[in-house]
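Fold and contact review
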Amino acid sequence: MKDNHIDLVLFGAAGDLSRRKLLPALMHLDYSELLSPDLRILALSREDISTDQFMAGQEQTLKAYLGEQRWSEGLWQRFCQRVDYVSVQFTDISQYAALSQQLKPERVAVFYFATPPSLFQTICENLNGSGCLSEQSRVVLEKPIGRNHANCKEVNETVGHFFDENGIYRIDHYLGKETVQNLLALRFANRFINAQWDNTCIDHVQITVAETVGIDGRFSYYDQVGQLRDMLQNHLMQLLCLVAMEPPNTMTAHDIRDEKVKVVRALRVIDDATVADHVVRGQYTQGWYRAEELTGYLDLEDADNPDSDTETFVAVKAFIDNWRWAGVPFYLRTGKRMGEKVTEIVITYKTLAHNIFASHENSPNRLVIRLQPNEGIEMQMLSKQHGIEGDMGLIRQNLDLNFLAASGIERIPDAYERLFLDVIRGDQSLFVGREEVEQSWLWCDQLISAWESRRLKVNPYSAGTKGPAQAELLIGRDGRSWHE
Ligand code: BG6
């Protein structure tokens, strides 16, 4: 089987993503005996150092990410055996010779581009020019895939010139999260959920991705991007697609992508006329998280643009103009330096047509799909208050499925672990298709152009809070409120 002969070639191996996510994920897989013994990792970076020096530089971080329970000297030695460090200036083709010598035609090379997208084209050309590519080669692209629709198309065309679409794995790490996959199981393996998943039963949907982290150390990159491009165009859009898509014919990548792209195509354009009512932008100022003082976005040490109006928070009211979702608002919000780290999808059902319980107001059921923290699914429902005295009272109770507790496993694997395994197995179902990413940019471009033309300002919010008050109004105007 091909799985047994993989060379994983990591461009940008000394970078932040590799240190915090990629290498720890690979080591966790190694710990769980999920990597074939002959899988090799070629770690590529500019610095002229030896493999031993590179690994020595990674050891402490990996130890911390793996945790005491999993770390052992034996595992570390085994992991080190897999890794070869190769020093390459990515823009200099003459330096690819060292890499091409390491790659063997009988093995499958998986090139992982953990680099800025501006390097994708050069790397592809140099890999091709130095004879590193074969028909079996695969490539993994980290987001962002472009910074607008035109640029995204360019990236796709460039990479598509060298790799077949079946060999291109566009990562959105949210798709590797356990609960996101569970959403598919919840929707398509349960009749009672599936039967009530449309505008006749559902009042509205909320998707919240709130982060406590700020932009510290990333200002120059982030200031060019902002939260809409950094989070909404990709992660929230993928969650939206999985909530809203029709059941795919099968669980194959082709069928799943077909359904997801239809959702993006059906998203109503937010234009000059609607942007002010449908979008709120925010930017964090100085604030507090527990007892820690947090610096405002414009006062960060590396902030060099005092007039920046880049958003660190965005809330959007979106509509999907199709048969299933007509009239159901999807409220999306995401921000940095919020009071709590929460990722959740909340489905609020319509209230009953008639309430026969005089003691209780007619209130809706809610289905809360928690991605983090405490991955799980919670169904909020009403039940009878225990007791025999008085009228029959109702109380709100939760059916709570906590994945960690229910599965009996020691930890929920990180998204990158799952995604690495899928690339190795050649399964693209949890990766983003070309059309999806391009359509998503198209919708975001239109929205951004509307906010630019209407000069939609960023509203300040104190770091460590829920975001700007205007976001409460966005949903409050419709007689609804954010789920807290
Ligand atoms: C990345 C964004 O894609 O996702 C970061 O570029 C963000 O800005 C991160 O912090 C959030 O990922 P997670 O898994 O911690 O929610």
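Above: the structure in question.
Everything in this summary refers to the structure shown in the same document. (Residues numbered from 1 in each chain as written. Predicted model: local features only at pLDDT ≥ 70, side-chain atom pairs only at ≥ 80, totals over all residues. Heavy atoms only, no water.)

Description of the pattern of salt bridges
In this structure the tally under the stated criterion is 33 salt bridges. In this structure, Asp230 engages Lys336 in a salt bridge whose closest nitrogen and oxygen atoms are separated by 3.0 Å. Of the two residues, Asp230 sits in helix α10 (residues 226–244) while Lys336 sits in the loop between β12 (329–335) and β13 (342–349), which places them 106 residues apart along the sequence. Of the two residues, Asp230 and Lys336, both sit in the buried class. Linking Glu435 and Arg265 is a salt bridge whose minimum nitrogen-to-oxygen distance equals 3.0 Å. Here Arg265 lies in helix α11 (residues 253–266) and Glu435 lies in helix α15 (residues 434–453), a separation of 170 residues in the sequence. Glu435 sits in the partly exposed class, given a relative accessible area of 39%. (Salt bridge = Lys/Arg side-chain N within 4 Å of Asp/Glu carboxyl O. Helix = DSSP H or I, 4+ residues; strand = E, 2+ residues; numbered from the N terminus. Buried < 20%, exposed > 50% of the residue type's maximum accessible area, 1.4 Å probe, protein only.)

Topic: the sheet that holds strand β6 (residues 168–170)
The sheet built from six strands is open, its strands ordered β3-β2-β1-β4-β5-β6 with parallel pairing. This sheet does not close on itself; its edge strands, each paired only once, are β3 (83–87) and β6. Sheet twist, expressed as the average angle between the axes of neighbouring strands with direction ignored, equals 20 degrees. Here strand β5 (residues 138–141) runs beside β6; their pairing, made up of three bridges, is parallel. Each bridged residue has a counterpart across the sheet, and for Val140 the counterpart in β6 is Tyr169. Sheet contacts for helix α2 (residues 51–66): β2 (40–45) and β3; angle to β3, the most-contacted strand, approximately 110 degrees. (Pairing = 2+ DSSP bridges. Axes fitted to C-alpha atoms, helices over the stretch in contact; angles between N-to-C directions. Contact = heavy atoms within 4.5 Å.)

With respect to helix α5 (residues 120–129)
What α5 keeps buried is the set Phe120, Ile123, Cys124, Asn126 and Leu127. Among the structural elements, β1 (6–11), α4 (97–102), β4 (108–113), β5 and α6 (149–162) are those in contact with the buried residues of α5. Within two residues after α5, Gly131 carries a phi angle of roughly 75 degrees, on the positive side.

Regarding empty space enclosed by the protein
Under the counting rule described, the total for this entry stands at two cavities of 30 Å³ or more. It is α10 that provides the largest number of residues to the lining of the largest cavity, a total of five residues. Partitioning the lining of the largest cavity into residue classes produces eight nonpolar, four polar and four charged. Counted as a void, the second largest cavity has a volume near 30 Å³. Surrounding the second largest cavity, Leu175, Leu184, Leu242, Ile256, Lys260, Ser429 and Leu430 form its lining. Here the lining of the second largest cavity is composed, by residue class, of five nonpolar, one polar and one charged. (1 Å grid on protein atoms, 1.4 Å probe; cavity = no way out; pocket = protein on both sides within 12 Å on 5 of 7 lines; lining within 4 Å. Points joined across faces, edges and corners; volume = space filled by probe spheres on them. Nonpolar A, V, L, I, M, F, W, Y, C, P; charged D, E, K, R; others polar.)

Quick notes on the layout of surface pockets
The space that makes up the second largest pocket amounts to roughly 550 Å³. Considering the residues around the second largest pocket, the lining is formed by 30 residues, among which Gln196, Tyr349, Pro364, Asn365 and Met379 are closest to the centre. Where the lining of the second largest pocket is concerned, the elements lending two or more residues are α8 (191–194), β15 (376–384) and β16 (394–402). Of the residues assigned to the lining of the second largest pocket, the class counts are 16 nonpolar, ten polar and four charged.

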